[in-house]
Amino acid sequence: MKTVAFITLGCKVNQYETNAMTQQFIEKGYEVVEHTQKADIYIVNTCTVTNMSDRKSRQMLRRVKELNKEAIVVACGCYAQVAKEELEKIEEINLVLGNNEKKDIVEHVEKYIKNQISKKSEEDKRYIEIKNTKVQQTTEIQKKIETQIEDVMNQKEFVEFGDITFTEKTRAVIKIQDGCDRFCSYCIIPYARGRVRSRKPEHILSEIRKIAKKSIKEVVITGIHIASYGKDFKQEYRLIDLLEEMNEIEGIERIRLGSIEPLLITEEFVSRLEKLSKICHQFHLSLQSGCDETLNRMNRRYTTEQFKEITKLLRKTFEDAILTTDIIVGFPGESEEEFEKTYEFLKEIKFYKMHVFKYSPRKGTKAAVMPNQIDGNKKEERSKKLIELSNENEKAYNEQYVGKEVEVLFEEEKNGMWQGHTKNYILAHYKTEENLENKMIKLQCVEAEQEYLIVSH
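Note that the coordinates shown come from a computational prediction; the quantities given were computed from them, not determined experimentally.

Quick word on the overall build of the chain
- A count of helices and strands for the chain gives 16 helices and 19 strands.
- For the chain, the proportion of its 457 residues judged to be buried stands at 55%.
- Contacts in the chain between residues far apart in sequence, at least 24 positions, make up 75% of those at least 6 positions apart.
- Counting every atom, the chain has about 22000 Å² of accessible surface; 47% of that belongs to carbon and sulfur.

Notes on the packing of helix 10 (residues 201-213) against helix 11 (residues 239-246)
- Remark: helix 10 packs on helix 11, axes separated minimally by 11 Å, with the N-to-C direction vectors making an angle of 30°. The angle between the axes of helix 10 and helix 11 places the two elements in the roughly parallel class. The two elements helix 10 and helix 11 meet at a crossing, and its hand is right-handed. Across from Pro201, Ile204, Leu205 and Ile208 in helix 10, the residues of helix 11 making contact are Leu242, Glu245 and Met246.
- For the contact of helix 10 with helix 11, the per-class residue count stands at six nonpolar, no polar and one charged.

Brief notes about the sheet that holds strand 15 (residues 405-414)
- With mixed pairing, five strands are arranged side by side around a closed barrel as 15-16-17-19-18. Adjacent strand axes in the sheet meet at a mean angle of 55°, parallel and antiparallel pairs treated alike.
- Note that strand 15 and strand 18 (residues 440-448) share five bridges and pair antiparallel. Among the inter-strand pairings, Val408 is bridged to a residue of strand 18, identified as Ile441.

Details of the packing of aromatic side chains
- As enumerated under the stated definition, the model contains 14 aromatic pairs in all.
- Judged by centre distance (6.0 Å) and plane angle (45°), the ring pair of Tyr302 and Phe307 falls under tilted. Across the pair, exposure class does not vary: Tyr302 and Phe307 are buried alike.
- The structure contains a cluster of three or more aromatic residues connected by ring pairs, namely Tyr302, Phe307, Phe345 and Phe351.
- Its guanidinium or amino end placed over the ring of Tyr401, Lys404 lies 5.9 Å from that ring's centre, counting from NZ or CZ.

Observations regarding the environment of Lys103
- Note that Lys103 resides in the loop between strand 5 (95-96) and helix 5 (105-115).
- Along the chain, Lys103 and Glu17 lie 86 residues apart, while their C-alpha atoms are 8.7 Å from each other.
- In this structure the side chain of Lys103 is engaged in a polar contact, spanning 2.9 Å, whose partner is the side chain of Asp104.

Calculation rules
- Residues numbered from 1 in each chain as written.
- Predicted model: local features only at pLDDT ≥ 70, side-chain atom pairs only at ≥ 80, totals over all residues.
- Heavy atoms only, no water.
- Helix = DSSP H or I, 4+ residues; strand = E, 2+ residues; numbered from the N terminus.
- Buried < 20%, exposed > 50% of the residue type's maximum accessible area, 1.4 Å probe, protein only.
- Contact = heavy atoms within 4.5 Å.
- Areas by Shrake-Rupley, 256 points an atom, 1.4 Å probe, with all protein chains shown as cover.
- Axes fitted to C-alpha atoms, helices over the stretch in contact; angles between N-to-C directions.
- Parallel < 35°, antiparallel > 145°, perpendicular 65-115°, else oblique.
- Left-handed = near helix turned anticlockwise from the far one by under 90°.
- Nonpolar A, V, L, I, M, F, W, Y, C, P; charged D, E, K, R; others polar.
- Pairing = 2+ DSSP bridges.
- Phe/Tyr/Trp six-rings, centres within 6.5 Å; stacked < 30°, edge-to-face > 60°.
- Lys NZ or Arg CZ within 6 Å of the ring centre and 35° of its normal.
- Polar contact = N/O pair within 3.5 Å; in protein donor to acceptor, adjacent residues only side chain to side chain.

So, in structure tokens, the structure goes:
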């Protein structure tokens, strides 16, 4: 029996797909082992959202080869999709597969094994030729990327893995769509994932019903751009229609949305969402910048004024709404004045938590060749300032809950404290010897720290 190990980098979509690949190998008779153990095959599901993601992917691909020099090392996922030639230069990697090839990964691996005759094979010769290729100019890199991603860009339908659930403690993650049509100027993901393809609602609902039978109480809706769900269907069926059907499934008590496009939040959407008792009132709205000029260069399709109105609508409708966001600092051309606009806007909106990223150029994107790239030290300075603001907001918000009752879904025990989350996704700690895994209990908040609440009877 051959052994296989998996390493997953990046988002919940990748985690979901790793679980699907794992099931494929198990069904073919392979034994799955931890990635820290010696294995015959290592599958690294890569991420490419930042330069740091690329670097970590390369590190992990090289590291697993050290565990077994005879192992077959497979790179798949988003980085593998857009940087096939770059990864093929790395001698530790045997096989590079794109996102659409994950669904047949066992066949690809077994075909590679059969075709590998010697180190002097034609495939190895091709790798050597690639290694001797000189570094290309940005325009040539763009052409190569377009060739490499042709298969995903031409993909018309959602690739169905079947009912393969990725579970995080007491919640299940459900992938409902793939791809993105937005083409923000800094983002390589549309090239790695292709156009929007939505999963058929009957398949999603079937998977969730099976999850409910396993007594899992919470599901998280994920995808590359879930706000676009259904836009590729011939019939009129969008994300809110799916959520309404999910809300009727017995056994599921919480439905949590992943990151959503701000422009999804309209009065009609919110009025229908308000009627769904199981929807969690935590909304991750990806802002990226609080300056209109910067947003325009990013090719984001809203203004700060539109975004502000969206936050007002959500807070008016859901009194306990928690709003979180992503912010990029140091985007090309971001002057001191533009950054200050962002800072003041964020102070006004008062997000519960902000995930701050220093801009990272991605080869093949428009932003990578924009003038006025920002110095790394300046990015670091701006990042620290926003993180401090985020921490202040989080602490202030948590303090509002002292003396109030909250309902917590508990997940795990650490050092005598049970940890779980409220419906609007605030972390809570509760000291008890009782086993509370997957139990939902109403408790009183007695103290508030920056990152969590302390609750008690």
